[in-house]
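In case you want the letters, here they are:
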Amino acid sequence: MKKTLSIILSLLMIISVLGAVPFSASATPSGGDCGENVKYQYNLLTHKLTISGSGAMYNYNDVDFTPPYATFNVEEVVVNPGVTSIGAYAFDGFTDLYTVSIAKSVTTIGTNAFRNCTILTADYEGRQTDWQTLTAGTPLSSATAFYGWGMCGTDAIYAVSFADETLTISGKGDIEPNADDAYAHFSDKISAVTINDGITGIGDGAFMTMSIFESISIPDSVTKIGASAFAGCANLTTVDGAEGVRDIGQQAFKNCVNLKSFDIPEGVTVIGGETFANCSSLESITIPDSLGTNLTPPENMGTLSPDAFDGASDTMTINASCQSVYPPYLVEGTNRTWNKVHTPTAAAEEDGYDVVHCMFCNEELSRTPTVISSSNNIKDAKITGIKSKTYTGNLIHQTITVKLGGKTLVRNTDYKLKYSKNKYVGTASVTITGTGKYKGSVKKTFRINPKATSISKLSSPKKGQLKIKWYKRTTQTSGYQIIYSTDSKFGTNIKRTVKGTKTTSKTLTKLKSKKRYYVQVRTYKTVNGVKYYSSWSKTKSYKIK
């Protein structure tokens, strides 16, 4: 009993000393005045100090007038809009302070405000020139992460990282047209652009004449690319994603002289004037059925402006349906080639061969000798068309051809199909059972693999390092696998596994400095101890520091 009482008294003494120390995430921060109309709040859990209000902070000194928060362990400082001046000695000696966010309303920083601080990252709402003037001669001038942020739409936010020269746009809704008062001021510091999921449109001229950046990642949530959105982006070589885009404005990619390829997404019905004009480095372009096929009535066909590819590469490959109406005049009089995309029929017997034609243009696609059997047992049949599939969230079926005795059997007349475990990632099966004059059954298995992902960005944060970022896949996915090599054909390579789906980046270290590395990423799902892999992403490369 005495021992218990002693413990209780000790706990009460500790509590009386700690006073208001918070024990949960909802604890009340410490706060007070640090200016005539400026206040501070400090969160003991996050070590974050927030300065809010209007006007200037007090000017302190290191003798008899020190900040009331001077004894706090501050790791992050946020100066909110409305504050115009950071006082002298305001954060002097804050050796644990590593990140600072400053609103553009701040126009002056007092003497020794950040003395003895080592600031690693700094966020600033204003222009680059204003930041350089504001921070000259202070420890903030050497900050290396995000600075340069603000609004570029009603609910769209941009942030510019000077460390890896990346512009990231987050939030929702559309990116506003002509971002002269936004990230355009930092265009000489941007070599890559990432647009996060939630953004729905890219406004007219949104990136026009930003000639430095080389790549952009566009999520499926984006449905519109405005007129002249990327016109004059002379160094743009790669556009990733954009599968949700349905509207591409005129001159959207005009004068993108280094753009290598572009797959116009299925669903786009109009390509306006000079959309790809003067794209002299185009190696390939894909025209979807929604734009160029004549399989539908003429009034339902898409339209492609006659001058959409004026001045574009003379040697590019045009990937389009064999029924597309546009490649003929895009190829005529040039050295371009039309890579016809066919839709195959089921194999049909013809002069002792199984022949596959295109369903629409009737071009012969393959010819194999026919195997004839006199049996009426499905076990002796030639069964084709069973392939690995990709998870969709729906029940997955196969396009199966069953041939027996030189005859192509008819489903539900000569045989029936029964599927098992054919929805989720794993091994599914289909049983083919003879009916009518046919007997016996055969069970075939096939794999359902997870959906693939794609690389959103490559960067080299330090010498000998390569940072890889990719798009998240959470459904029917256990993790990711990375393959990288200095050989573009991956003849010699290294594979790395990233477990779980929360992590969507990986930094590789101890690589060969100044070398170009080629990278691919794929997803995997582990089912009953077996790993099922998606297809590899498109290859991306980066020359590291």
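Below: a short report on this structure. (Residues numbered from 1 in each chain as written. Predicted model: local features only at pLDDT ≥ 70, side-chain atom pairs only at ≥ 80, totals over all residues. Heavy atoms only, no water.)

**Focus on the overall build of the chain**
A tally of helices and strands in the chain yields 4 helices and 43 strands. Evaluated residue by residue, the chain yields a buried proportion of 42% over its 545 residues. Of the contacts made within the chain by residues no fewer than 6 positions apart, 46% connect residues no fewer than 24 positions apart. If you sum the accessible surface of the chain, you get close to 27,300 Å²; carbon and sulfur atoms cover 49% of it. (Helix = DSSP H or I, 4+ residues; strand = E, 2+ residues; numbered from the N terminus. Buried < 20%, exposed > 50% of the residue type's maximum accessible area, 1.4 Å probe, protein only. Contact = heavy atoms within 4.5 Å. Areas by Shrake-Rupley, 256 points an atom, 1.4 Å probe, with all protein chains shown as cover.)

**Things to note about a positive patch on the surface**
A cluster of basic side chains, namely K463, K514, R516, K543 and K545, defines a positive patch on the protein surface. With respect to the helices and strands, the residue K543 is situated in strand β43 (residues 540-543). (Patch = residues over 30% accessible without salt bridge, like charges linked within 9 Å, V, L, I, M, F, W, Y side chains within 5 Å. Salt bridge = Lys/Arg side-chain N within 4 Å of Asp/Glu carboxyl O. Lys, Arg positive; Asp, Glu negative; His and termini not counted. Charge placed at Lys NZ, Arg CZ, Asp CG, Glu CD.)

**Some remarks on the sheet that holds strand β32 (residues 407-408)**
The strands making up a sheet associate through backbone hydrogen bonding, with each pair oriented either parallel or antiparallel. Across the sheet, 3 strands lie side by side as β29-β31-β32; this open sheet has antiparallel pairing. Looking at the sheet topology across the chains shown, the edges are occupied by β29 (382-384) and β32. Pairing geometry for β29 and strand β31 (residues 401-404), over 3 bridges, is antiparallel. In the strand pairing of β31, K382 is matched with K403. (Pairing = 2+ DSSP bridges.)

**Section: the sheet that holds strand β36 (residues 455-459)**
Pairing is antiparallel across the open sheet formed by 3 strands, whose spatial order is β36-β37-β40. A strand with exactly one partner marks an edge of an open sheet, and here the two such strands are β36 and β40 (505-508). When strand polarity is set aside, the average angle formed by the axes of neighbouring strands in this sheet is 15°. Bridging between strand β37 (residues 466-470) and β40 involves 4 bridges; their strand directions are antiparallel. Within β40, the position partnered with I468 by the bridge is K506. (Axes fitted to C-alpha atoms, helices over the stretch in contact; angles between N-to-C directions.)

**A few points about the nonpolar core**
Grouped together as the largest cluster of nonpolar side chains are 55 residues, with contacts concentrated most on Y183, I202, F207, F230 and F253. Put simply, the parts of the chain that give this core at least two residues each are β11 (156-161), β12 (166-171), β14 (192-195), β15 (199-202), β16 (215-218), β22 (284-287), β24 (317-321) and α4 (327-331). It is β11 that contributes the most residues to this core, 3 residues altogether. Listed in part, the 33 residues of the second largest apolar core include Y40, Y60, I86 and L140. (Core = buried A, V, L, I, M, F, W, Y, C linked by side-chain atoms within 4.5 Å.)

**A look at unusual backbone geometry**
Residues other than glycine seldom take positive phi values, yet A242 does so here, at roughly 65°. Topologically, A242 is positioned in the loop between β18 (238-241) and β19 (247-248). Judged by relative accessible area, which is 1%, A242 ranks as buried. Of note in this structure, K510 is not a glycine but carries a positive phi near 60°. You can see K510 is positioned in the loop between β40 and β41 (516-527).

**Considering the pattern of salt bridges**
When the charged atoms of two side chains lie near each other, side chains of opposite charge can form a pair. Counted under the stated rule, the structure contains 9 salt bridges. Two residues, K538 and D263, come together in a salt bridge whose shortest N-O distance is 3.4 Å. Taken as a pair, K538 in the loop between β42 (530-533) and β43 and D263 in strand β20 (residues 261-263) lie far apart in primary sequence, 275 residues in all. Given the relative accessible area of 62%, K538 is considered exposed. The class for D263 is partly exposed, based on a relative accessible area of 37%. Close ionic contact of K382 with D354 constitutes a salt bridge, the shortest N to O distance being 3.3 Å. With K382 in strand β29 and D354 in strand β27 (residues 353-357), this residue pair connects regions lying 28 residues apart in the sequence. For D354, a relative accessible area of 4% corresponds to the buried category. Sharing partners across several salt bridges, the network here consists of D62, D92 and R115.

**Quick notes on the environment of L291**
Locating L291 in the fold gives a position in helix α3 (residues 289-292). Relative accessible area serves as the criterion here: at 0%, L291 is assigned to the buried category. Counting along the chain gives 11 residues from L291 to G302, while the straight-line C-alpha distance between them is 4.1 Å. Apart from residues no more than four positions distant in its own chain, L291 is found in contact with I264, V268, T269, V270, I271, G302, T303, L304 and Y326.

**Some remarks on the pairing of β36**
Here β36 lies mainly inside the structure; 5 of its 5 residues are buried. The pairing of β36 with β37 spans 4 bridges and is antiparallel. Bridging across to β37, S459 finds its partner in K467. Between β36 and β37, which pair antiparallel and follow one another directly, the connecting turn spans 6 residues, one of which, G464, has a positive phi of 75°.

**Topic: the side chain of S534**
By secondary structure assignment, the location of S534 is in the loop between β42 and β43. Separated by 3.0 Å, the side chain of S534 and the backbone nitrogen of T523 make a polar contact. (Polar contact = N/O pair within 3.5 Å; in protein donor to acceptor, adjacent residues only side chain to side chain.)

**Here we look at the layout of surface pockets**
Empty space left among the atoms is revealed by rolling a probe the size of a water molecule over them. When its volume is computed, the second largest pocket comes out at roughly 380 Å³. Mapped by element, the contributors of at least two residues to the lining of the second largest pocket are β27, β28 (364-369), β29 and β31. Classifying every residue of the lining of the second largest pocket by side-chain character gives 5 nonpolar, 8 polar and 5 charged. (1 Å grid on protein atoms, 1.4 Å probe; cavity = no way out; pocket = protein on both sides within 12 Å on 5 of 7 lines; lining within 4 Å. Points joined across faces, edges and corners; volume = space filled by probe spheres on them. Nonpolar A, V, L, I, M, F, W, Y, C, P; charged D, E, K, R; others polar.)

**A few points about the environment of G35**
Here G35 lies in the loop between β1 (30-33) and β2 (38-43). According to the relative accessible area criterion, G35 is buried, its value standing at 1%. If sequence neighbours within four positions are ignored, G35 has contacts with A56, M57 and Y58.

**Quick word on the packing of aromatic side chains**
Scanning all chains against the criterion turns up 24 aromatic pairs. Where Y58 meets F65, the ring centres are 6.3 Å apart and the plane angle is 55°; that geometry is what we call tilted. Looking at F65, the relative accessible area reads 36%, which means it is partly exposed. Ring geometry for Y158 and Y183: centres 5.7 Å apart, planes at 80°, overall edge-to-face. One end of the pair, Y158, is in strand β11; the other, Y183, is in the loop between β13 (173-175) and β14, and 25 residues separate them in sequence. Y183 carries the same exposure label as Y158, and that label is buried. The ring of W338 is capped by K340, whose NZ or CZ atom sits 4.8 Å from the centre of that ring. (Phe/Tyr/Trp six-rings, centres within 6.5 Å; stacked < 30°, edge-to-face > 60°. Lys NZ or Arg CZ within 6 Å of the ring centre and 35° of its normal.)

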